Amino acid sequence: MTRQQTKRVLFAAIWLGVLGWPLMGWPRAGLFTASVFVVGLLWVALTRADLPIRRVFQAPRLQLANTLGKFAMEGKRFPRMILIGAAFAVLVITPLFLNNYDLDVLTLAGIYIVLALGLNIVVGLAGLLDLGYVSFYAVGAYLYALLSTRFGISFWLALPLGGLAAAALGVALGVITLRLRGDYLAIVTLGFIQIVHLVLNNWDSVTRGPNGILGIGRPAIGSFVFSQPIHFYYLILVIDLITIFAVWRLSRSRIGRAWMAIREDETAAESMGMDTMRLKILAFALGATWAGIAGVFFAGKFAFVSPESFTFFESVIVLSMVVLGGLGSIPGVILGALTLVILPELLRGFQDYRMLFFGAALVGMMLFRPQGLLGGIRDESA
Amino acid sequence: MLLQQLVNGVTLGAVYALIALGYTMVYGILELINFAHGEIYMIGAYLGIIFLGIFTQWGLTVDHLLLSLAMVFVLSALYCGAYGFTLEKIAYRPLRHVHRLAPLISAIGMSIFLQNYVMLTQGSADKVFPHILLSGGIVLMGTPISYLQIFILLTSISLMIGLQLFVNRTRLGKAIRATAQDQKMASLLGISIDLVISVTFIIGSVLAASAGVMVAMYYGLVNFSIGYVAGIKAFTAAVLGGIGNILGAMLGGFVLGLVESLGASYLSSEYKDVFAFLILIVVLIFRPTGLLGERLPEKV
């Protein structure tokens, strides 16, 4: 460690301490400065180019996961089947040994996997920045909540209906907004989720406002009613597998390749004769479908919906999952969703500091792996 | 009644405009939606209360009220400038040449971090801004206008004029405009892009901090979550006016403030936020680049 480096760390620590002082108060700011200094020195010492720890940040294990993921999707048929079979067995057998709390966390992760894969169609494949994706999730959830409490319609009928309704809304929103490019689209979709949230909160006669809708019917087959956490775990597992299969086929289809062409260069795609407008609307609709289905499942699982679950923040979390995992990469997006659901659970011991660390972790993960954990698309600085 | 609502709307709009300027300037140069900008505004409001508290302890506010008030503004603005500078350096600078979504997620992470940082250090309860300042007002055509509203309007307008002069008349302002137009060309001509970006963040944060202190004085209450809503509104204002356009952000802020205030009093107060976003969507459908935005040719 050179003297200059030590000086820089000291300067950074004092700078951050002075910045924090008015908000933290005196003794805490001093402690903070000292700890930043110590951590900074350790960091500089440990990340020297000739130390093996540096390689950890180049993430060979992630590379391995990526290879495995690719292998599962594209490898030779026979070993691929064995691998998929083994993974499937783990997914089916492990939950038998888990407690209800863990099962609920995994079920939640399952919901987010559907959402993130759906958003991945819009953002990862077609390259459209949608910040209001959770509005489609809300449509699915409230649709089933209303159909179930008012007309007693079954979960299984609501599942495709929720997908259809969300797709229809996706088309409607797409027709209005997709003429806008880039970040204008982002802000309009942001506005859309705000409007949806406000309407859910204020349209008392239908949505019962902030109190939400209670007593939504549980899914049932014949006389068997889904009631235990493990039932829902298996149900979302099936939905996840269907989603993964469908999204994977879609991304390798003619349409999927057309989306990627639009993502890379819209003008070029258009001049090759693609109907980019229709393709973009299709991406919105097909992405929204999965959010609608996830919404119906959400309502069936918790038997309760309220506007609190459908906020801009929720949209942002789903987007973070997609970007964190690696835009456009299916194994990456699944890993991103798992990470962002399980990370707060791991941080539960820190109580109040949980969200502080969560925010810092988002920044840190972007700084160390800006292309995402399993980066899918090529680096485009343009 | 109408005049009263107009005055309220313009006051609110001035605050939105000040925050929107930070969004629009950063966007103009980096094409980045700086989601943490709203938190800088919130920190500015907190710092205002904290510094005023310190001055009150020292007994400065009794004899030199205006002086200590000015000091509160200057100190909060300087501090927030430092926050903005540091924010850019830590969270955005390393990601400048990566795909566009990485800095966006980093910004979201920073926003969550700063919000919780303030919540943990200052508590989650509302903080009260002491109501000793600028009470009273004048009556104009039967409408009471408080001194505070006049103060907010005058301060915001002078800051905006100052910004216009800085951007249009100084060397550094010229460098900022050049960088916004063509970063590569500007750097070839010897403009330090790093410096320009840092200055942009500092200016945006200073404006947001002033808005924060004024809002704290106006409403008398501050909470760690105010940055989120104000941030979304101000960004809406920036887009409404045409993002990247400084005059557009000012116009957008005032339009948004008026729409909200009039909509809340004449139509429905529960749906006042809906009007703001509906206006935004309608404007963008008919003028996809905002009210004052230029239509740029697509880069091929």
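This is a predicted model, so every value here is computed, not measured.

So, the overall build of chain A
Inference 1: Scanning chain A from N- to C-terminus turns up 17 helices and four strands.
Inference 2: Considering chain A as a whole, with its 382 residues, one finds that 41% of them fall into the buried category.
Inference 3: Across chain A, contacts joining residues at least 24 apart in sequence account for 75% of those joining residues at least 6 apart.

Quick look at the overall build of chain B
Inference 1: The number of helices and strands found in chain B is twelve helices and four strands.
Inference 2: The C-alpha atoms of chain B give a radius of gyration of 19 Å, which matches the 19 Å a tight globule of 300 residues would have.
Inference 3: Per-residue burial over chain B gives 51% buried out of 300 residues.
Inference 4: For chain B, contacts bridging at least 24 residues in sequence account for 77% of all contacts bridging at least 6.

With respect to the nonpolar core
Inference 1: Grouped together as the largest cluster of nonpolar side chains are 203 residues, with contacts concentrated most on Leu115(A), Ala116(A), Ala283(A), Val318(A) and Ala17(B).
Inference 2: With 16 residues, the top contributor of residues to this core is helix H9 (residues 193-219) of chain B.
Inference 3: Those residues in contact with Val318(A), other than ones at most four positions away along the chain, are Tyr112(A), Leu115(A), Ala116(A), Leu119(A), Tyr133(A) and Val134(A).

Here we look at the pairing of strand E2 (residues 137-140) of chain B
Inference 1: Where E2(B) and strand E3 (residues 143-146) of chain B come together, four bridges link them in antiparallel fashion. Within the sheet, the bridge partner assigned to Leu140(B) lies in E3(B) and is Thr143(B).

Structural notes on helix H12 (residues 272-286) of chain B
All names here are of chain B.
Inference 1: Look at H12: 22 Å from first C-alpha to last across 15 residues, which is about the 21 Å you get at 1.5 Å a residue.
Inference 2: Residues Asp273, Val274, Ala276, Phe277, Leu280 and Leu284 constitute the buried set of H12. Around the axis of H12, the buried residues are gathered within 160 degrees of arc, so they sit on the same side. H12 presents Val282 and Phe286 as exposed residues on the side facing more than 90 degrees away from its buried surface.

Conventions and cut-offs
- Residues numbered from 1 in each chain as written.
- Chains lettered and ligands numbered in written order.
- Predicted model: local features only at pLDDT ≥ 70, side-chain atom pairs only at ≥ 80, totals over all residues.
- Helix = DSSP H or I, 4+ residues; strand = E, 2+ residues; numbered from the N terminus.
- Buried ≥ 20, exposed ≤ 12 C-beta atoms within 10 Å, placed from the backbone.
- Contact = placed C-beta atoms within 7 Å.
- Rg over C-alpha atoms; globule rule 2.2 N^0.38 Å.
- Core = buried A, V, L, I, M, F, W, Y, C linked by C-beta atoms within 7 Å.
- Pairing = 2+ DSSP bridges.
- Expected span 1.5 Å × (residues − 1).
- Arc of directions from axis to C-beta.

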